[in-house]
Amino acid sequence: MLTALSSAAAPRASLDELLVGLARHGLTALELRLGDGHAIGAVDTDAAVAAAARLARENVRVVGLLDRGGAMTESLPRVVDTLRTRWLLDGALPLGTRLECADRADAAGMPVALVVRGPDAAAEARDVRSAGHSVVWEAHPAQAPLGALCDRILEASDDMLVGVRLCGGGPEGTLHEGRGIGAVVGRLVVAGFNGALTLAPSDRKYHVLWETWIGRRGGWGCGSKVTEPIEQLQRTASIAEDIA
Amino acid sequence: MSDPRTLDVRVIPPREKHPTIFQTFDALTPGESFVLLNDHDPRPLRYQFEAEHEGQFGWRYLEQGPAVWRVEISKVSA
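Draft legend 1. How the structure looks around the pattern of salt bridges. Tallied over the entire structure, the rule returns 22 salt bridges over all chains. Of the charged contacts, one joins aspartate 36 of chain A and arginine 33 of chain A as a salt bridge, the two residues approaching to 3.0 Å between their closest N and O atoms. Residue aspartate 36 of chain A is classed as buried on the basis of its relative accessible area of 8%. For arginine 33 of chain A, a relative accessible area of 14% translates into the label buried. Note that arginine 60 of chain B and glutamate 72 of chain B form a salt bridge whose closest N and O atoms lie 2.7 Å from each other. Taken as a pair, arginine 60 of chain B in strand β3 (residues 57–64) and glutamate 72 of chain B in strand β4 (residues 69–75) lie far apart in primary sequence, twelve residues in all. Here glutamate 72 of chain B falls in the buried class, since its relative accessible area comes to 15%.

Take a look at the structure:
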């Protein structure tokens, strides 16, 4: 099982900063969301070539190019091929749109996977599998208990499950105790899942927490540097959650 | 020439499907093939073949759903 970090965790982070975060936490792969600060897009193949060389030197794989729009540019297949990855169609897109996009990608010979999420994730996974496309499940603590849902996803996806986006993992983990994040990981291991487990934020309000976790921030500034940044930020995030 | 053997992956646990398929492919001699039997279109498998065995395999659909897919996968002669 590959362990990956989503650029969604720190949307302003450069590719180098994301790589520092991977090294800090022993992760071996990246999910690159289009539009984030890593500067790899669906149009610029030169940027993809440069990034691919950089990633190869670091022995880091790209588990997917996460796209919230579903617009297939002419150069996207080359970008995906250069990065030796797949186009990930975000679960916010309607299922019909994702399937249409996936069929177009397949016609262009481009590997693709569809993100499924929410209460209909298992049913969607079954439809995606039937259509012959790969599945990525977005596990979110709001869908707790996640362990039972994971069982349904594994059954519905069969061998087409290539990834799990674990929203609320990493530095958020302790904030979501009892919601089944640990159970998801356990079930994936027992099932022999050999795809990618991608750590991602559950909400934008945790970006500071994630940026600190990957080493992009040393503290809050203005003399507020902390000695135990993760623990303090988790407490802060918890307070922020309560306020929200 | 005998008919190629059939590998029915519908009855194989998910974790063992792809390893079994690639072991079957590895055991082929050039020019030989096997027929993969599945309950969905194994398109992602084809991408995996292209990534790991580029130019070394043939892929021919014999049946394309809606309930059963049969694909003849061959090892290309050198």
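Read on for the rest.
Draft legend 2. How the structure looks around the packing of helix α4 (residues 95–107) of chain A against helix α5 (residues 121–130) of chain A. Residues and elements named next belong to chain A. At a minimum axis separation of 11 Å, α4 and α5 run at an interaxial angle of 25 degrees. The pairing of α4 with α5 is recorded here as roughly parallel in orientation. Note on packing geometry: the crossing formed by α4 with α5 is right-handed. The residues of α5 that touch α4, namely those facing Leu95, Arg98 and Leu99, are Glu124, Asp127 and Val128. Grouping the amino acids of the contact of α4 with α5 by side-chain chemistry returns three nonpolar, no polar and three charged.

Draft legend 3. The packing of aromatic side chains, seen in detail. All told, the structure shown has six aromatic pairs over all chains when counted by the stated rule. The structure contains a cluster of three or more aromatic residues connected by ring pairs, namely Phe22, Phe25, Phe49, Phe57, Trp59 and Tyr61 of chain B.

Draft legend 4. The arrangement of the confidence of the model for chain A in detail. The predicted model of chain A has a mean per-residue pLDDT of 89, with 89% of residues at 70 or higher. Long-range and interchain partners of residues 219–230 of chain A, a stretch whose pLDDT sits below 50, account for nine contacts in this model, where long-range means more than four residues apart.

Draft legend 5. Fine view of the environment of aspartate 8 of chain B. Residue and element names in this part refer to chain B. Tracing the sequence through the fold places aspartate 8 in strand β1 (residues 5–8). A residue is classified by how much of its surface remains accessible, and aspartate 8, at 23% relative accessible area, is partly exposed. Here the alpha-carbon distance between aspartate 8 and glutamate 32, two residues 24 residues apart in the chain, equals 17 Å.

Conventions and cut-offs
- All chains use their own residue numbering, which begins from 1 and follows the written sequence.
- Chains carry letters and ligands carry numbers; both start at the beginning, A for chains and 1 for ligands, and go up in the order they are written.
- Selection of residues for local features in this predicted model requires a pLDDT of at least 70, selection of side-chain atom pairs for listing and counting requires 80 or more, and totals for whole chains, interfaces and linings are taken over all residues.
- Each side-chain value is worked out from all heavy atoms of the structure, with water and hydrogens disregarded.
- Take a side-chain nitrogen of Lys or Arg and a carboxyl oxygen of Asp or Glu: if they are within 4 Å of each other, that pair is a salt bridge.
- Note on classification: 1.4 Å probe, protein chains only; a residue is buried when its accessible area is under 20% of the maximum for its type, exposed when over 50%, partly exposed between these limits.
- Counting from the N terminus, the helices are the DSSP runs of H or I reaching at least four residues and the strands are the DSSP runs of E reaching at least two.
- Inter-axis angles, ranging from 0 to 180 degrees, are taken between N-to-C directions of lines fitted to C-alpha atoms, where helices are fitted over the stretch in contact.
- Any angle between 65 and 115 degrees counts as roughly perpendicular, while under 35 counts as roughly parallel, over 145 as roughly antiparallel, and the rest as oblique.
- Each crossing is labelled by how the near helix is turned from the far one, with a counterclockwise turn of less than a right angle marking it left-handed and a clockwise turn marking it right-handed.
- Note on contacts: a residue pair is in contact if any heavy atoms of the two residues lie within 4.5 Å.
- For this classification, the nonpolar set comprises Ala, Val, Leu, Ile, Met, Phe, Trp, Tyr, Cys and Pro, the charged set comprises Asp, Glu, Lys and Arg, and every other residue, Gly included, is treated as polar.
- Any two rings among Phe, Tyr and Trp, with Trp reduced to its six-membered ring, count as a pair given centres within 6.5 Å; such a pair is stacked if its planes are under 30 degrees apart, edge-to-face if over 60, and tilted if neither.
- The predictor attaches a confidence to each residue, and that confidence, scored 0 to 100, is pLDDT.

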